[in-house]
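Residues per chain, in single letters:
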Amino acid sequence: MLLAEYLSAIPALAREWHFDVSVDGLPIGTHDIIVHENGDERSVESDMRYGVALLGRSYKQHAEETWRADCLMRIDTRTEEKDRVTTVTGRLEAGAFVITGPRGREQLAPCVMSFAYWNPRVLRQTHLLNAQTGAWTAVTVHDLGKDSLEVRGTSRAASHYRIDTERNRIEVWYSPEGEWLSLRSTTRDGHVLSYRLR
């Protein structure tokens, strides 16, 4: 068997995150992410499903992304919120990442990242792509130091960061190995959205 055939026969590795999501401590839904890795290429599927009685709306989002190393090659998202459907598509074309969504068509730099918290390199970015709106969003990252976090009933050492945008403050926690462990964000109307691994 040739080396190329042998390598192609090796199944791609998959990493998965399955979060229970709550608002102000009340369960509202789930967020499931599966990352398939094959060399330096990754394909990502993300599904958010919220039934947010507290906020007066339901929310569903399905996103598919293709990455090469830490650069987004393709993104397709469909978001349903309050009976409104929003789609965003993006492709790497002729040296630019072209995004089409509610804001129209826009050309970005050839190597961009979405809010892909599963990849700790988001913490090194000055802008991230919003998968729901297609907006190229300025971010400021703050290192909040070491922390401990309960994950699946066990206390874990974690590094704590905050990602600030113009509208949101998003806190994320990572293991010493760089594995995403948790997220907490405050909504525009002051509710606290929390992720817990299940």
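Overview of the structure. All of these numbers come straight from a predicted model, not from anything done at the bench.

Cut-offs and rules
Residues numbered from 1 in each chain as written. Predicted model: local features only at pLDDT ≥ 70, side-chain atom pairs only at ≥ 80, totals over all residues. Heavy atoms only, no water. Phe/Tyr/Trp six-rings, centres within 6.5 Å; stacked < 30°, edge-to-face > 60°. Helix = DSSP H or I, 4+ residues; strand = E, 2+ residues; numbered from the N terminus. Buried < 20%, exposed > 50% of the residue type's maximum accessible area, 1.4 Å probe, protein only. Contact = heavy atoms within 4.5 Å. Polar contact = N/O pair within 3.5 Å; in protein donor to acceptor, adjacent residues only side chain to side chain. Pairing = 2+ DSSP bridges.

Here we come to the packing of aromatic side chains. Taken as a whole and judged by the stated rule, the model has nine aromatic pairs. Judged by centre distance (5.1 Å) and plane angle (50°), the ring pair of F19 and Y195 falls under tilted. You can see F19 sitting in strand β1 (residues 13–23) and its partner Y195 sitting in strand β15 (residues 192–197), a full 176 residues away along the chain. Ring plane angle 35° and centroid distance 6.2 Å describe the contact between W180 and Y195, whose orientation is recorded as tilted. Remark: Y195 occurs in strand β15 and W180 occurs in strand β14 (residues 180–186); sequence separation between them is 15 residues. In this pair, the class of W180 matches that of Y195, namely buried.

In this structure, Y59 sits in strand β4 (residues 57–68). Look at Y59 and you get buried, because its relative accessible area is 9%. Y59 sits 87 residues away from K146 along the chain, and the two C-alpha atoms are 33 Å apart. Sequence-distant contacts of Y59, that is, excluding residues within four places in its chain, are made with M48, R49, Y50, T79, E80, E81 and Q132. Only 3.3 Å separates the side chain of Y59 from the side chain of Q61, close enough to count as a polar contact.

As paired elements, strand β6 (residues 84–93) and strand β7 (residues 96–101) share five bridges and run antiparallel to each other. The residue bridging G90 from the neighbouring strand is I99, located in β7. Where β6 folds back on β7, the antiparallel hairpin that results is connected by two residues, among which A94 adopts a positive phi of roughly 50°. In this structure, β7 lies alongside strand β8 (residues 104–108), joined through five bridges in antiparallel fashion. Paired with T100 across the bridge in β8 is R105. Hairpin remark: β7 followed by β8, antiparallel, with two residues in the connecting loop.

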